[in-house]
Amino acid sequence: MAGPGAKPAPDTRPRLRLDKWLWQARFFKSRALSAEVIESGHCRVNGQRTRKPGHGICIGDVLTFVQGQQVRVIKVLALGLRRGPAAEAQALYLDLDPQPLPEALE
């Protein structure tokens, strides 16, 4: 087993906890709220349901989760270093939700 000073293998991709990433990307106001959604079974990573807030996600993963009354489908573009302003948070993901069609004018 590797010790505390060991270097990671070159083929491993960096990962971040799912609850922390959802909080950093500003989908939830607190990590506790994001963990609650995950633990309740309303979150999928690449189509697989997870109930672990500590599930590791990496760049390229597709997340499906409930936010209020809406189901969100998000592709991870970057792992954040902090919970920054909204513009910084929006650079972490690509929203794959279909945009609603404009209602026809009568």
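A short tour of the structure in this document, coming up. Computed from a prediction, not measured in an experiment: that's the story for all the values here.

Some remarks on the side chain of Ser-34
Thought 1: Looking at the element boundaries, Ser-34 is found in helix 2 (residues 31-39).
Thought 2: Residue classification places Ser-34 among the buried positions, given a relative accessible area of 0%.
Thought 3: Those residues within four positions of Ser-34 in sequence are excluded, and the remaining contacts are Asp-19, Leu-22, Trp-23 and Phe-28.

Details of the sheet that holds strand 5 (residues 62-67)
Thought 1: Across the sheet, which stays open at both edges, the 5 strands sit in the order 3-2-5-6-7 with antiparallel pairing between neighbours. Edge positions in the sheet fall to strand 3 (48-49) and strand 7 (93-95), since each has one partner strand and no second.
Thought 2: Both strand 6 (residues 70-76) and strand 7 contribute to a ladder of 3 bridges, which runs antiparallel. Across the sheet, Lys-75 pairs through a bridge with Leu-94, a residue of strand 7.

What to know about the packing of aromatic side chains
Thought 1: Under the criterion given, the structure shown has 5 aromatic pairs.
Thought 2: For the pair Phe-28 and Phe-65, a centre-to-centre distance of 5.9 Å together with 50 degrees between the ring planes defines the contact as tilted. Taken together, the positions of Phe-28 in the loop between helix 1 (18-24) and helix 2 and Phe-65 in strand 5 put the pair 37 residues apart, joining distant regions of the chain. This pair shows no difference in class: Phe-28 is buried, exactly as Phe-65 is.
Thought 3: Through successive ring pairs, a cluster of aromatic residues spans Trp-21, Phe-27, Phe-28, Phe-65 and Tyr-93.

Re the nonpolar core
Among soluble globular proteins, nonpolar side chains are generally buried collectively.
Thought 1: Counting 18 residues, the largest nonpolar core has Leu-18, Trp-21, Leu-22, Phe-27, Leu-63 and Phe-65 as the members making the most contacts within it.
Thought 2: A per-element tally of this core places helix 1 first, with 3 residues.

A few points about the pairing of strand 5
Thought 1: Sheet analysis places strand 2 (residues 43-45) next to strand 5, joined by 3 bridges and oriented antiparallel. Note that in strand 5 the partner of Cys-43 across the bridge is Phe-65.
Thought 2: Sheet topology places strand 5 next to strand 6; 6 bridges connect them, and they run antiparallel. Bridge assignment links Thr-64 to a residue of strand 6, and that residue is Val-73.
Thought 3: The loop that links strand 5 with its antiparallel partner strand 6 comprises 2 residues; one of these, Gly-68, has a positive phi angle of about 65 degrees.

Quick look at the side chain of Asp-61
Thought 1: Turning to its location among the elements, Asp-61 is positioned in the loop between strand 4 (56-57) and strand 5.
Thought 2: The buried charged residue Asp-61 lacks any salt bridge partner; its closest oppositely charged side chain belongs to Arg-13, at an N-O distance of 4.4 Å.
Thought 3: Side-chain polar atoms of Asp-61 contact the side chain of Asn-46, separated by 3.0 Å.
Thought 4: Polar side-chain contacts of Asp-61 include one of 2.9 Å to the backbone nitrogen of Cys-58.
Thought 5: Those residues in contact with Asp-61 that sit more than four places away from it in its chain are Arg-13, Val-45, Asn-46, Gly-56, Ile-74, Lys-75 and Val-76.

Parameters at a glance
- Along each chain, numbering runs from 1 in the same order as the chain's sequence is written.
- With the structure being a predicted model, the display of local features is reserved for residues of pLDDT at least 70 and the display and counting of side-chain atom pairs for 80 or more, all residues being used for whole-chain, interface and lining totals.
- The basis for every side-chain value is the complete set of non-hydrogen atoms in the structure, without hydrogens or water.
- Helical segments are the DSSP runs of H or I of at least four residues, strand segments are the runs of E of at least two, and each set is numbered from the N terminus.
- To sort residues, take the accessible area from a 1.4 Å probe on protein chains only and compare it with the maximum for the residue type: under 20% means buried, over 50% means exposed, and anything in between is partly exposed.
- Any two residues whose heavy atoms approach within 4.5 Å are treated as being in contact.
- In this scheme, strands are said to pair when DSSP sees at least two bridges between them.
- Stacked, tilted and edge-to-face are the three classes applied to pairs of Phe, Tyr and Trp rings, where Trp contributes its six-membered ring and a pair requires centres within 6.5 Å; stacked means planes under 30 degrees apart, edge-to-face means over 60, and tilted covers the rest.
- Grouping buried Ala, Val, Leu, Ile, Met, Phe, Trp, Tyr and Cys residues that are joined through side-chain atoms within 4.5 Å yields what is termed a nonpolar core.
- The convention is simple: Lys and Arg are positive, Asp and Glu are negative, and His and the chain ends are not counted.
- Throughout this description, the term salt bridge denotes a Lys or Arg side-chain nitrogen within 4 Å of a carboxyl oxygen of Asp or Glu.
- We call two N or O atoms a polar contact when they sit within 3.5 Å, provided that within protein one can donate a hydrogen and the other can accept it, with sequence-adjacent residues counted only if both atoms are side-chain atoms.

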